[in-house]
Amino acid sequence: KLDKHDKALTHSELALELITQRLAAVRGAGNTPTPEELTTLAIAYHNQGVEREFLSQPDLAAKAYGRGHAAAKKHLGATHPL
């Protein structure tokens, strides 16, 4: 067990910030985000949830998982395998 979940949480937060900025830039340019970009958003939320779970932050983990699920459902559709 490496016990580097604090660092992993920081990385997941940075990934979420970067994909959020990317999506804003794409939309700001009048373009539509790709399915890959939107999948990355959902995965970033999921990863944040995983790390918060390991750090015994169940409420924050549940929020992150919920945001990931909502993003996937909204942008990729309810039938998407993610």
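None of the values given here were measured: they were computed from a predicted structure. By convention here, each chain's residues receive numbers from 1 onward along its written sequence. A pLDDT threshold of at least 70 governs which residues receive local features in this predicted model, and a stricter bar of 80 or more applies before side-chain atom pairs are shown or counted, although totals over entire chains, interfaces and linings include all residues. Calculated side-chain values reflect all of the structure's heavy atoms, with hydrogen atoms and water omitted.

A. Here's a closer look at helix α2 (residues 35-54). For helices the rule is a DSSP run of H or I covering at least 4 residues; for strands it is a run of E covering at least 2, with both sets numbered from the N terminus onward. To estimate the expected span of a helix, count its residues, drop one, and scale the result by 1.5 Å. The end-to-end C-alpha distance of α2 is 29 Å, a good match for the 28 Å that 20 residues give at a rise of 1.5 Å each. The criterion used for residue contact is that any of the two residues' heavy atoms lie within 4.5 Å. Where α2 is buried, its residues meet α1 (5-28) and α3 (58-76). Two residues or fewer past α2, Ser-56 is found with a positive phi of approximately 60 degrees.

B. Structural view of the side chain of Gln-48. Locating Gln-48 in the fold gives a position in helix α2. Non-local contacts of Gln-48, meaning those with residues more than four positions away in its chain, are made with Leu-9, Ser-12, Glu-13, Leu-16 and Ala-64.

C. Quick peek at the pattern of salt bridges. The salt bridge criterion pairs a side-chain nitrogen of Lys or Arg with a carboxyl oxygen of Asp or Glu, the two atoms within 4 Å. Tallied over the full model, the rule gives two salt bridges. For Arg-52, the salt bridge identified is with Glu-13, shortest N-O distance 2.9 Å. Of this pair, Arg-52 sits in helix α2 while Glu-13 sits in helix α1, and the two are 39 residues apart along the sequence. We call a residue buried when its accessible area falls under 20% of the maximum for its residue type, exposed when it is over 50%, and partly exposed in between, using a 1.4 Å probe and counting protein chains only. We classify Arg-52 as buried; its relative accessible area is 13%.

D. Fine view of the side chain of Glu-37. Among the secondary structure elements, Glu-37 is positioned in helix α2. Once you skip the residues sitting within four places of it in the chain, Glu-37 turns out to touch Ile-19, Arg-22, Leu-23 and Val-26.

E. Main features of α3. Here α3 spans 26 Å end to end across 19 residues, near enough to the 27 Å set by a 1.5 Å rise per residue. On its buried side, α3 packs onto α2. Looking one or two residues past α3, Gly-77 carries a phi angle of roughly 95 degrees, positive in sign.

F. Layout of unusual backbone geometry. Positioned with a positive phi, Ser-56 is a non-glycine residue whose angle comes to about 60 degrees. The class for Ser-56 is exposed, based on a relative accessible area of 63%.

G. A look at the nonpolar core. In terms of nonpolar packing, the biggest core is built from eleven residues, these being Leu-16, Ile-19, Leu-23, Leu-38, Leu-41, Ala-42, Ala-44, Tyr-45, Ala-71, Ala-72 and Leu-76. Where this core is concerned, the elements lending two or more residues are α1, α2 and α3. Of all the elements, α2 adds the most residues to this core, at five residues. Once residues lying within four places of it in the same chain are set aside, the contact partners of Ala-44 are Leu-16 and Ile-19. Put simply, buried Ala, Val, Leu, Ile, Met, Phe, Trp, Tyr and Cys residues joined by side-chain atoms within 4.5 Å make one nonpolar core.

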